[in-house]
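Fold and geometry: a report
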Amino acid sequence: MKVGVLVSGTGTNLQALLDAETTGRLEPATLAVVISNKPGVQALARAGAANVPAFVVEHAAVAREVFEDQLHAVLAAHHVEAIVLAGFMRVLTPHFLDHYRDRIINTHPSLLPAFPGANAAAQAIAHGVKISGVTIHFVDASLDGGPIIEQVAVPVFDDDDAAALQARIQSEEHKLLPDVVQRLARGELSCQGRKVRGPGRRAE
Ligand code: GAR
């Protein structure tokens, strides 16, 4: 299954996917293309270093539907069947999402539905929660609100700031994301309404 990765920044999650592909932990998924909506970000250099085609599709100067059509054109040209949003900080509309129903996932640094949107770790610190974590979910038109595939919790300590919590969350995120992408590519994730079913999700 050819996978496209959409990014906006540092790309540590993209790196986790690239590393997993190198060591065979993504099979049968292959990373076909990386697209950033921002020029010059580190994620683009990571893709280049791994010889994965990388493109910039900027959102700023064009209407939302034009931006989404441009994204779709690059993805289609690379025969992409599934998409990972890995730190991609734009909301996508049904105009785009309808091409990829149940084949587009996002990773988010909180235990959703708590703290959607930007700066989730800072939101968690400000709220005073004792546990946060990472959520990987299917993408719908809501803000970080699609059906939840997998979550891992991490503790929040009294002396944490947002950066410390984000780092603790990301070390779990980097393990979880490649695993979920592999399960998606294997066809192991099925979505029934809001419930995502799959191997390893039953008590017995
Ligand atoms: C990740 O922690 C990801 O969960 C988060 O942005 C970070 C990007 O890091 N995404 C969101 O907050 C989406 N709402 P990275 O560029 O190093 O992978």
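In what follows, the structure referred to is the one given above.
Residues numbered from 1 in each chain as written. Predicted model: local features only at pLDDT ≥ 70, side-chain atom pairs only at ≥ 80, totals over all residues. Heavy atoms only, no water.

**Thoughts on the site of the ligand**
Let me state the cut-off plainly: To be near a molecule or strand, a residue needs just one of its heavy atoms within 4 Å of it. Any N or O atom pair separated by 3.5 Å or less is treated as a polar contact, with the protein-specific requirement of one donor-capable and one acceptor-capable atom, and with residues adjacent in sequence counted only for side-chain atom pairs. Each accessible area is a Shrake-Rupley result for a 1.4 Å probe, and residues are judged covered by the shown protein chains and nothing else. Runs of H or I in DSSP of at least four residues are treated as helices and runs of E of at least two as strands, each being numbered from the N terminus.
In the region of the ligand, 14 residues are neighbours, and Gly11, Thr12, Asn13, Gln170 and Glu173 sit closest. With respect to the ligand, the side chain of glutamine 170 contributes an N or O atom lying 2.9 Å from an oxygen atom. Between an oxygen atom of the ligand and a side-chain N or O atom of glutamate 173, the distance comes to 2.4 Å. Protein contact buries 89% of the 450 Å² of open area that the ligand shows by itself. Put simply, the parts of the chain that give the shell around the ligand at least two residues each are α1 (12-22), β5 (104-108) and α6 (162-185). With three residues, the single largest contributor to the shell around the ligand is α6.

**So, the nonpolar core**
The tendency in soluble globular proteins is for nonpolar side chains to be buried as a group. For clarity, the threshold we go by: For this analysis, a nonpolar core means a set of buried residues of the types Ala, Val, Leu, Ile, Met, Phe, Trp, Tyr and Cys, connected via side-chain atoms within 4.5 Å. Categorising residues by exposure relies on relative accessible area from a 1.4 Å probe, with only protein chains included: less than 20% of the type maximum marks a residue as buried, more than 50% marks it as exposed, and the intermediate range marks it as partly exposed. The contact criterion used throughout is that any non-hydrogen atoms of two residues lie within 4.5 Å.
Val5, Ile105 and Val181 are the most contacted members of the largest nonpolar core, which totals 40 residues. The dominant element in this core, judged by the number of residues it contributes, is α6, at eight residues. Apart from residues no more than four positions distant in its own chain, valine 5 is found in contact with Leu14, Leu17, Leu31, Val33, Val34, Ile35, Val84 and Ala86. In terms of nonpolar packing, the next biggest core, distinct from the first, is built from 19 residues, Leu92, Leu97, Tyr100 and Ile104 among them.

**Looking at α6**
We apply this condition: Given the number of residues in a helix, its expected span is that number minus one, multiplied by 1.5 Å. Throughout, the bend at a residue refers to the angle made by two axes, fitted to the seven residues ending there and to the seven starting there.
For α6, which comprises 24 residues, the first-to-last C-alpha distance of 33 Å matches the rise-based estimate of 34 Å (1.5 Å per residue) to within 8%. Along α6, the helix axis deviates most sharply at glutamate 173, where the bend reaches about 30 degrees. Among the residues trailing α6, glycine 187 stands out with phi positive, at a value near 75 degrees.

**What about unusual backbone geometry?**
A cis amide bond links glutamate 27 to the next residue, proline 28, at an omega of 10 degrees. Turning to its location among the elements, proline 28 is positioned in the loop between α1 and β2 (30-36). Cis geometry is adopted by the peptide bond preceding proline 113, which originates at leucine 112 and carries an omega value of 15 degrees. Here proline 113 lies in the loop between β5 and α5 (120-127).

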